[in-house]
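# Understanding the architecture of this molecule
Each chain, written out:
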Amino acid sequence: MDIWSSLLESASISKTTTSRTILLLGGSPITQESFIQQIVASARSGVYSIKRRTSQIANEFALGYVYFDVFDRDQEDVILRLNIYTLSLIYDSYATLIVDLLQRDKLTFETLLVTVLLDWEEPRRWVRDLAQYIKFMRELVFKGLDQDVRASGLRKCYQRYRQLSSISFTEVLNLPSRSAEMDIPLGKGEYDAPLGVELLVAVMNSERVDVLERQFGRKDDEFDFIQQFLRTVLLKHGAALVYLSSESKSLFPLLYYLLSPSLLSEHSRNILIEASKNIQPNVVDRDSLLIPSGWDSWSKILLIKEGFDVDGVSSGWSTDVLSNEGDMEGIIEVYEDVVHAFGGPPGSANGNEMSQEELEIRSTTVQEFLKGQLADLNSIEVS
């Protein structure tokens, strides 16, 4: 009897599907659905396939949910189940929903990936939204967790970040032979405010970068400031950053890479090797920016444009956003003073009253267009 029990238990363990959880914050339900669909689309270009197991994404109210199964290249075995919980609006009462989710299983918190959605349609809101989501997680969700669970997550997340920061993507092939106990000092402003979970900031609709530049006359200095400000803030949390367009192919490899709990197992090594082909760091192309976790530093941020006050932004974020006494407004106002007119026409910040409607050509639906053409034709016949 004991032999059969042992065999059955062993078989059960071997067939257990690895499960990972993404908490998706921000964006509208439509934007969230677009992000989720892009996960599937970007997986098709790699060695894995992915299938959605629910007919629709339930994200209209409170905490939404959808899940996927990720298959190997032969589509025979499920190698990962990806659970995605969505929250487009944050209220204090919603925190208990997430606390209950994370305390069901210690592993859920230890392998959680918090993903914050921002949008190129509203770059002025980026820093304010990011600050609100981080304060929500730190002050309402994480403080509600069992302290042993949170301490374990903090420790594992720190260890993983140190592993990431001590390698480069060109060293992936040699990863298993490298020591896990690397003690390379962290740089200034680097990972000094860990959340205890992996953090990814994904900026949607990066196609709009070209529109902002060509039609609205936005300048390189403005794009550089936004990138440097966001990277400086995210470096404090050890976060990854990606700009996503409808043609991006890096999302699924990046998620798979971030969700890998250990970089030293053989399976994780294979993931990282595959991921490294698709998620090389990119700071040059403004519409496809990609900053992997553990890669960035103040010196790399300053390479974009000298003179940016990385120290001031980093300190301001700690004082205004992460401190219990902070009101968030100081550092947020610094950002918004620069980009408050970024979504509109050039010169609007300097008193130019030209409206956005005067510079944009508004499209019409097919029916509206045909209706207008019919009226024109009728007027011609009458005359």
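Just so we're clear, the structure is a prediction, and the values are computed from it rather than from any experiment. (Residues numbered from 1 in each chain as written. Predicted model: local features only at pLDDT ≥ 70, side-chain atom pairs only at ≥ 80, totals over all residues. Heavy atoms only, no water.)

## A closer look at the overall build of the protein
Applicable threshold: Labels follow the DSSP assignment, with helices taken as runs of H or I lasting at least four residues and strands as runs of E lasting at least two, numbered in each case from the N terminus. Note on definitions: a residue-residue contact is assigned when non-hydrogen atoms from the two residues lie within 4.5 Å.
What the protein contains, in helices and strands, is 15 helices and 8 strands. Of the contacts formed within the protein by residues at least 6 apart in sequence, a portion of 73% connects residues at least 24 apart.

## Brief notes about helix 2 (residues 29-43)
Since the α-helix turns once every 3.6 residues, residues separated by three or four places project in the same direction. Inclusion rule: Here the expected span of a helix is defined as 1.5 Å times the quantity of residues minus one. When accessible area is computed with a 1.4 Å probe and restricted to protein chains, residues below 20% of their type maximum are described as buried, those above 50% as exposed, and intermediate ones as partly exposed.
Relative to the 21 Å expected for 15 residues at 1.5 Å per residue, helix 2 spans 22 Å between its end C-alpha atoms, a close match to the ideal helical length. Taken together, the buried positions of helix 2 are Thr31, Gln32, Phe35, Ile36, Gln38, Ile39, Val40, Ser42 and Ala43.

## With respect to the packing of helix 2 against helix 9 (residues 251-259)
Note the threshold: Axes here refer to lines fitted to C-alpha atoms; in helices the fit is confined to the stretch in contact. Angles between the N-to-C directions go from 0 to 180 degrees. Roughly parallel refers to an angle under 35 degrees, roughly antiparallel to one over 145, roughly perpendicular to one between 65 and 115, and oblique to any angle outside these ranges. The residue classification treats Ala, Val, Leu, Ile, Met, Phe, Trp, Tyr, Cys and Pro as nonpolar and Asp, Glu, Lys and Arg as charged. All others, Gly included, are polar.
With their axes 7 Å apart at the nearest point, helix 2 and helix 9 run at an angle of 95 degrees to one another. The orientation of helix 2 with respect to helix 9, classified from their angle, is roughly perpendicular. On the side of helix 2, the interface is formed by Phe35, Gln38, Ile39, Ser42 and Ala43, while helix 9 contributes Leu251, Phe252, Pro253 and Leu255. Partitioned by chemical class, the residues of the contact of helix 2 with helix 9 number 7 nonpolar, 2 polar and no charged.

## Some remarks on the packing of helix 8 (residues 220-237) against helix 12 (residues 310-322)
A pair of packed helices is captured by two measures, namely the crossing angle of their axes and the spacing between those axes. Let me state the cut-off plainly: By convention, the crossing between two helices is left-handed when the near helix turns anticlockwise from the far helix through less than a right angle, and right-handed when the turn is clockwise.
Taken N-terminus to C-terminus, the directions of helix 8 and helix 12 make an angle of 60 degrees; their axes are 9 Å apart at the nearest point. Taken together, the axes of helix 8 and helix 12 are oblique relative to one another. Helix-helix and strand crossings are classified by hand; for helix 8 and helix 12 the assignment is right-handed. Residues Phe229, Thr232, Val233, Lys236 and His237 of helix 8 lie in contact with helix 12, whose contacting residues are Val310, Val313, Ser314, Trp317, Ser318 and Leu322. Class assignment for the residues of the contact of helix 8 with helix 12 results in 6 nonpolar, 4 polar and 1 charged.

## Section: the side chain of Gln32
Summarising the element assignment, Gln32 is placed in helix 2. Taking relative accessible area as the criterion, Gln32 reaches 0% and is therefore assigned buried. If we ignore the near neighbours within four places in the chain, the residues touching Gln32 are Leu24, Gly26, Gly27, Asn59, Thr86, Leu87, Ser88 and Leu117.

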